[in-house]
Amino acid sequence: MQVKLNVIVSAAVALMAGSVYAEDLVVKIGHVGPTSGSIAHLGKDNENGARMAIDELNAKGVMIGGKKAKFVLLTEDDAADPKQGTAAAQKLVDEKVNGVIGHLNSGTTIPASKIYSDAGIPQISPSATNPKYTRQGFKTTFRVVADDVHLGGTLGKYAVQTLKGKTIAVIDDRTAYGQGVADEFEKGVKAAGGKVVKREFTNDKATDFTAILTSIKGAKPEIVFYGGMDAVAGPMLRQMKQLGITSKFMGGDGICTSELPKLAAGTIADSQVVCAEAGGIDEKDKVAVKAMEDFRTKFKKKFNADVQIYAPYVYDATMVMAAAMEKAGSAEPAKYLPVLAKTTGYKGVTGTIAFDERGDIKNGALTLYTYKGGAKTALGVVH
């Protein structure tokens, strides 16, 4: 009799445990980035940032609407290609994700944003800087970095006012990001009284820049600005060296990676390259500095890789989205979206996050960098 009673009790306990597990709230978070192709190192960096956040959320045991949330990361590769990006977006919509972190490139983020908007799914990009992304009238688009107007314009003024560049050449890769940041850079140069002596373009898969660089060399620019990603900037720097072009080289966050010196095969002279990351923390803020250092240490331990550039922004974007769900008491997009839009004062590893009426980050910072001894070195934060 006692044995039978024990069996019944055990079965009841098992049933209750199963019931609790069944009541867990499954929250699907989509992430899209280029995990194949020439900038796969950046896409994987982003994906790892999302994975780190998801693992921490699950370890913490977040409660949403009285239920324990089980966060699941669904990852897609868009190869930095707009068509593949929209296909990935539709796949996540069909999977009924609760929110999306991504995409990495402006060229994939912008067309994908309409698909998410039509489905009412919130999207936070950790790295797309083209202004158009948040200016389409969609209520579902957010970003946690400054846009090209701020980034490109600030770099343009810095080129003239700080680097004292009188003659400047501009190259872009014709992508939404590359052309966008180059256009804003040129505006910034002109506003500061500088002169653009050459404007050339290539594409994001090019490897030979001899013709462009030979044309630019004839104009004798003191500074060459490139709007594009590090996979092209590296070989371009190598070929500049081969052609005897000693101009300073500038670019936006797309080239501002720890991988650039390797891609340039060690041809970068100390302080030759100046770039800006569309975000960053003030070195004077010791609490913020420690938070970022701790993140980098944990990231290295978890993935056996250094942060390239955007992983902390992906991490913060994921955490901000989860915080909005928690506050709203629901993971349903329609219910937590209004709470997400009102995010203010969120303390992330990349700084304080608050969104304006368009979904842009308020008071977005920029961190200027150069390279010395093959290592990325901060020059300072500007707002």
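Anything mentioned here points back to the structure above.
What comes next concerns the included structure. Since this is a predicted model, take the numbers as computed values, not measurements.

1. Topic: the pattern of salt bridges
Any two side chains of opposite charge can pair, given that their charged atoms come close. In the structure shown here, the tally under the stated rule is 21 salt bridges. Put simply, Glu 186 and Lys 190 hold a salt bridge, and the shortest N to O gap is 3.1 Å. With Glu 186 and Lys 190 both in helix H6 (residues 176–191), this residue pair falls four residues apart, about one helical turn. Residues Lys 205 and Asp 204 are paired through a salt bridge, measuring 3.5 Å at the closest nitrogen-oxygen approach. Ionic contacts of the salt-bridge type, sharing partners, join the residues Asp 172, Arg 174, Asp 183, Glu 186, Lys 190 and Arg 199 into one network.

2. Digging into unusual backbone geometry
Most peptide bonds are trans, and most residues other than glycine sit at a negative phi. A cis amide bond links Gly 102 to the next residue, His 103, at an omega of 0°. Its place among the elements puts His 103 in the loop between strand E4 (99–102) and helix H4 (106–119). Backbone geometry at Asn 363 places phi at a positive 50°, although glycine is not the residue there. Relative to the elements of secondary structure, Asn 363 occurs in the loop between strand E13 (351–353) and strand E14 (366–372).

3. Some points on the pairing of E14
With six of seven residues buried, E14 is to be regarded as a mostly interior element. Pairing of strand E11 (residues 273–277) with E14, which is carried by four bridges, proceeds in the antiparallel orientation. Note that in E14 the partner of Val 274 across the bridge is Thr 370. Remark: two residues form the turn of the hairpin made by E14 and strand E15 (residues 375–382), two consecutive strands paired antiparallel; Gly 373 in that turn has positive phi of roughly 60°.

4. A short note on the sheet that holds strand E10 (residues 248–251)
One open sheet accounts for seven strands, arranged E8-E7-E9-E10-E11-E14-E15; its pairing is mixed. Strands with a single pairing partner mark the edges of an open sheet, and in this sheet they are strand E8 (195–201) and E15. Shown here is a sheet whose adjacent strand axes are inclined to one another by a mean of 25°, direction ignored. Pairing geometry for E14 and E15, over seven bridges, is antiparallel. Across the sheet, the residue bridging to Leu 366 is Val 382, located in E15. Against the sheet, helix H7 (residues 210–219) touches strand E7 (167–172), E8 and strand E9 (223–227), its axis set at about 170° to E8.

5. Structural notes on the sheet that holds strand E3 (residues 67–77)
Reading across the sheet, the six strands line up as E2-E3-E1-E4-E5-E6 and stay open at both edges, with mixed pairing between neighbours. What marks the edges here is a single partner per strand, and that holds for strand E2 (63–64) and strand E6 (141–143). The sheet contact formed by strand E5 (residues 123–125) and E6 spans three bridges and is parallel. Note on E6: the bridge partner recorded for Ile 124 is Phe 142. Contacting strand E1 (25–33), E3 and E4, helix H3 (residues 82–94) crosses the sheet at an angle of about 155° to E3.

Conventions used here
Residues numbered from 1 in each chain as written. Predicted model: local features only at pLDDT ≥ 70, side-chain atom pairs only at ≥ 80, totals over all residues. Heavy atoms only, no water. Salt bridge = Lys/Arg side-chain N within 4 Å of Asp/Glu carboxyl O. Helix = DSSP H or I, 4+ residues; strand = E, 2+ residues; numbered from the N terminus. Buried < 20%, exposed > 50% of the residue type's maximum accessible area, 1.4 Å probe, protein only. Pairing = 2+ DSSP bridges. Axes fitted to C-alpha atoms, helices over the stretch in contact; angles between N-to-C directions. Contact = heavy atoms within 4.5 Å.

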